[in-house]
Each structure stands twice: as C-alpha cells, then as structure tokens.
Amino acid sequence: MPGGGERITAGGEDRQNRAALRFVVLLGVVDLLADATYEGARSITGPFLAHLGAGAAATGFVAGLGEFAGYALRAVSGYLGDRTGRFWAITISGYVLNLAAVPLLALAGSWQAASVLMVAERSGRAIRGPSRDGMLSHAGSRMGRGWAFGLHEALDQLGAVAGPLVVAAALYVGGGYRTGFAILAVPAALSIATLLLSRRLYPDPGRLEAEGARREEGGGLPRVFWLYLALVVPGVAGFASFQLVSFHLEEAGLLPKAGIPLAFAAAMGVDALVALLSGRLFDRLGLAVLASVPLLTLPVAPLAFSGSAAAALAGVLLWGAVMGVQETIMRAAVGGMAPAPVRGTAYGLFNAVYGLCWFTGSAAMGALYEIGPGHAAAFSVALELISVAPLVLLLRAARQ
C-alpha cells in the first residue's frame with residue numbers, strides 16, 4: 001500500500017471497524033489542533049476588528065463574508081473531489097491555507113488587512129471540508145455516522161476550548177491580541193504534521209465504506225436532500241455569528257477583554273458534550289433529531305444581545321449547543337442521504353447554501369444591530385420560526 005500504511009481492507013469485520021474508529025480519532029486529533037488555532041483566533045476577532053477601528057456593520061459583514069467563503073467554496077471543492085478522486089490533496093491544501101492565515105493576523109495593521117486574512121482562513125476551511133467529511137462518512141458507515149461525526153466534533157471542540165484559553169492567558173498577562181495570534185502558530189504546525197501522518201496511514205479511506213452502506217444506484221441526489229437545503233436557508237440565516245456576539249459583549253461592557261475568549265471556550269465545551277449526545281441520538285432516531293435545531297436557536301440572539309451579563313453568557317453557552325448539533329447531525333444527515341459517487345458534491349452544496357445563508361444573515365444582523373441590538377434579535381427569532389415549515393416537510397418526506 002502507498003506510504004507503508006496499514007491494510008484497512010484485509011482481515012475480518014472487526015478489523016475494519018477498528019480501522020474506521022482509528023481513522024475518525026486520528027482526523028479528530030488533526031481538527032483538535034486545527035480548532036485550537038482558528039477558534040482561538042475567532043474568539044477575539046470581533047474585539048480585534050473593533051480595536052483596529054471597524055464598526056458593528058463592518059464586523060457583521062466581515063464575519064458573514066468569512067462564513068460565506070468558508071462554505072460557498074465547498075461546492076467547488078466537493079465537486080472537484082468527486083471528479084478527480086484527489087480527496088487527500090484537496091484536504092491538505094485547505095488545511096495549509098486555513099492554518100497559515102491565523103499567525104499572520106499578528107502582522108495585520110488595519111481592519112481591512114485583518115479581514116482579508118480572516119476570509120482566507122475561512123476559505124481554507126472551505127477547501128478542505130467536503131473531502132474530509134466525505135472520508136469521515138465512509139468510516140461512519142461502519143460505526144454509525146452520528147457517532148462518527150459526534151466523536152470527531154467532540155475531539156474538534158477540545159481544541160476549540162484550549163485555543164481560546166491560550167489566547168485568554170496571553171491577554172491576561174498583557175500580551176495583547178497580536179501575541180495571542182502568534183502563539184497559535186504552534187498548534188497549527190502540529191495539526192499539519194498529524195494530517196500528513198493520517199494521509200500516510202490511510203491513503204484510501206473509501207475502502208472503509210461498509211458494503212451494506214454503499215449506495216451506487218442512480219448517482220443523483222434524492223428529493224429529501226433538496227428539502228433539507230430548504231430547512232438550512234432560514235435556520236442558518238437566523239443564527240448569529242460569534243464575531244457579532246463578542247462585539248456586543250465588548251461594546252456593551254458586559255465582559256472584560258480576557259473574559260470574552262473564556263466565554264467562547266465554555267461555549268466550545270458545551271459544543272463537545274452536545275455533539276456526543278446528539279450523534280448518539282441521531283443514530284437511534286434519525287432526522288427527527290433535527291427538530292432540536294430551531295428549538296435551541298430561538299433564544300440565542302435575545303439572550304446574547306441583551307444588556308445583562310448573565311443572560312448574554314447563557315446565550316453564548318446555548319450558541320455552543322447549537323453549534324454542537326449543527327456540526328454533528330447536520331453533517332451526518334448528508335452522508336446518509338447522498339450516494340457515494342456524489343457525496344463530496346452533496347457536502348459541497350450543503351455547505352455552500354449554509355455559508356451563503358450565514359453570510360446574508362450575519363450582514364443583516366450587523367446592520368440591524370447598528371439600529372439597536374433588539375432589532376438583530378427579532379430578525380433571528382423570525383427566521384427560526386420560519387424554518388419550522390420546511391422542517392415539517394422534510395420529516396414527512398423522510399418517513400415516506
């Protein structure tokens with residue numbers, strides 16, 4: 001086998017299942033280190049933009065544009081992965097761009113320059129996403145896709161807790177934002193090294209796909225997938241970005257400078273716990289677990305954009321719970337809907353719609369926040385209520 005990796009197709013079913021678990025854990029470690037890098041940075045990008053002179057509207061726009069780039073490009077990278085089969089090459093190039101942009105923020109001299117790097121970081125995340133998720137879905141066909149994505153997300157979020165804590169420590173000792181960004185070069189380098197090791201050990205993750213889970217017929221995307229995208233549109237557009245939430249925490253004086261990354265770290269801890277729980281529930285209950293998304297998202301903006309520190313912190317923690325559900329069951333659901341030959345394309349389309357909606361929603365909320373935080377919260381609540389209709393249609397179609 002290329003690279004001297006272990007033979008994941010040899011042996012019995014138990015050996016294949018163990019190989020699938022090891023692959024998920026190894027990619028989880030890659031993202032643990034990657035998340036320590038870019039989530040550590042994201043915990044302070046809102047206040048950093050304000051420090052460089054950006055206003056709320058600009059912050060909301062940049063946050064939305066970054067998320068749009070971080071998802072819209074996935075439609076292209078997912079399609080290229082399916083057409084070329086070069087999943088590892090696409091994944092590695094995405095990680096390099098994603099992680100290299102973070103330490104460079106320490107050199108940004110204006111909010112415009114910082115914005116370019118933030119969008120570049122999200123773009124790298126976009127390039128790597130569909131191919132990585134497609135490879136994870138192969139392993140998940142053996143161990144349960146909900147559990148595979150939940151375990152991966154939990155490991156991922158351990159890094160998302162550690163990164164903001166490191167940044168908070170840098171701010172606490174007086175190092176400043178730039179010191180925090182520079183320190184994050186260490187986990188970035190370790191993530192790339194672990195990724196290259198993963199490539200060596202598992203050069204062809206497609207062989208992990210369980211025979212009973214292969215869906216080669218037709219090759220097209222089913223109707224339920226398109227209904228799923230209809231649910232994503234209002235649900236994601238009404239979900240506030242943390243950049244805007246952290247901007248509010250800073251501007252309203254609800255938390256000290258070092259307290260904002262600590263709040264973000266706590267949210268990521270909640271994310272990890274919810275990911276494990278929701279992944280298990282998804283494997284047992286299926287798409288019905290998606291009903292938790294609008295229910296959890298509804299109170300996030302009213303709490304996060306309030307004038308009370310306690311309420312805002314509750315909103316931040318609930319924001320983390322929503323992220324845990326979205327990053328686990330919403331990704332796992334795509335793997336179960338899409339046949340293997342077009343699974344990268346399906347992940348790309350899903351993430352492109354997700355990013356476009358988060359971009360437009362974040363930009364709108366940033367503009368509404370300039371009028372008043374209550375306007376941004378009302379916008380969020382209205383869209384989450386609208387998302388209930390496509391959710392009902394999706395669940396009905398899935399039962400049929």
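What counts, and at which threshold
Residues numbered from 1 in each chain as written. Predicted model: local features only at pLDDT ≥ 70, side-chain atom pairs only at ≥ 80, totals over all residues. Heavy atoms only, no water. Axes fitted to C-alpha atoms, helices over the stretch in contact; angles between N-to-C directions. Helix = DSSP H or I, 4+ residues; strand = E, 2+ residues; numbered from the N terminus. Parallel < 35°, antiparallel > 145°, perpendicular 65-115°, else oblique. Left-handed = near helix turned anticlockwise from the far one by under 90°. Contact = heavy atoms within 4.5 Å. Nonpolar A, V, L, I, M, F, W, Y, C, P; charged D, E, K, R; others polar. 1 Å grid on protein atoms, 1.4 Å probe; cavity = no way out; pocket = protein on both sides within 12 Å on 5 of 7 lines; lining within 4 Å. Points joined across faces, edges and corners; volume = space filled by probe spheres on them. Phe/Tyr/Trp six-rings, centres within 6.5 Å; stacked < 30°, edge-to-face > 60°. Core = buried A, V, L, I, M, F, W, Y, C linked by side-chain atoms within 4.5 Å. Buried < 20%, exposed > 50% of the residue type's maximum accessible area, 1.4 Å probe, protein only. Salt bridge = Lys/Arg side-chain N within 4 Å of Asp/Glu carboxyl O. Patch = residues over 30% accessible without salt bridge, like charges linked within 9 Å, V, L, I, M, F, W, Y side chains within 5 Å. Areas by Shrake-Rupley, 256 points an atom, 1.4 Å probe, with all protein chains shown as cover.

### Here we look at the packing of helix α4 (residues 87-104) against helix α5 (residues 111-143)
Axis separation between α4 and α5 bottoms out at 7 Å; the angle between their running directions is 155°. By the criterion of interaxial angle, the relationship of α4 to α5 is roughly antiparallel. Crossing angle aside, the handedness with which α4 passes α5 is left-handed. Together, Phe87, Trp88, Ile90, Thr91, Ser93, Gly94, Tyr95, Leu97, Asn98, Ala101, Val102 and Leu104 of α4 and Leu117, Ala120, Glu121, Ser123, Gly124, Arg125, Ile127, Arg128, Ser131, Arg132 and Met135 of α5 make up the contact between the two elements. Its residues assigned to classes, the contact of α4 with α5 shows twelve nonpolar, seven polar and four charged.

### Observations regarding the layout of surface pockets
A volume near 370 Å³ is recorded for the largest pocket. Taken together, 23 residues form the lining of the largest pocket, with Gly85, Phe87, His138, Asp204 and Gly206 sitting closest to its centre. Counting residues per element, the ones that place at least two in the lining of the largest pocket are α4, α5 and α15 (343-371). It is α5 that provides the largest number of residues to the lining of the largest pocket, a total of six residues. The residue makeup of the lining of the largest pocket, split by class, is nine nonpolar, seven polar and seven charged.

### Digging into the packing of aromatic side chains
To describe a pair of aromatic rings, you give the distance between the ring centres and the angle between the ring planes. Inspection of the entire model under this criterion finds 16 aromatic pairs. Through a chain of ring-to-ring contacts, the aromatic side chains of Tyr228, Phe239, Phe242, Phe264, Trp319, Phe350, Tyr354 and Trp358 assemble into a single cluster.

### A short note on the nonpolar core
Grouped burial of nonpolar side chains is what soluble globular proteins tend to show. By size, the foremost hydrophobic cluster in this structure holds 107 residues, and its most contacted members are Tyr228, Leu287, Leu290, Phe305 and Trp319. Among the elements that take part in this core, helix α1 (residues 13-51) stands out by supplying 13 residues, more than any other.

### Some points on the packing of helix α6 (residues 145-172) against helix α14 (residues 309-337)
The geometry of α6 relative to α14 is characterised by a closest axis approach of 9 Å and an angle of 140° between their N-to-C directions. The way α6 lies across α14 gives a crossing that is right-handed. Across the interface between the two elements, Arg145, Gly146, Phe149, Gly150, His152 and Glu153 of α6 pack against Met323, Gly324, Glu327, Thr328, Arg331, Ala332, Gly335 and Gly336 of α14. Considering only residue class, the contact of α6 with α14 consists of three nonpolar, seven polar and four charged.

### Some thoughts on the pattern of salt bridges
Tallying each qualifying case throughout the model produces eight salt bridges. The salt bridge partner of Arg331 is Asp133, with a shortest N-O separation of 2.9 Å. Of this pair, Arg331 sits in helix α14 while Asp133 sits in helix α5, and the two are 198 residues apart along the sequence. We note that Arg331, like Asp133, is buried. Here Glu153 ties to Arg331 by a salt bridge, and the two come within 3.8 Å at their closest N and O atoms. Of this pair, Glu153 sits in helix α6 while Arg331 sits in helix α14; the two residues are 178 residues apart in sequence, bridging distant segments of the chain. Via salt bridges that share partners, Asp31, Arg128, Arg132, Asp133, Glu153, Glu327 and Arg331 belong to a single interconnected network.

### Quick look at a nonpolar patch on the surface
A grouping of Val76, Tyr79 and Leu80 is seen on the molecular surface, where their side chains present a nonpolar patch of about 270 Å² in accessible area. The topology assignment puts Tyr79 in helix α3 (residues 74-84). Look at Tyr79 and you get partly exposed, because its relative accessible area is 40%.

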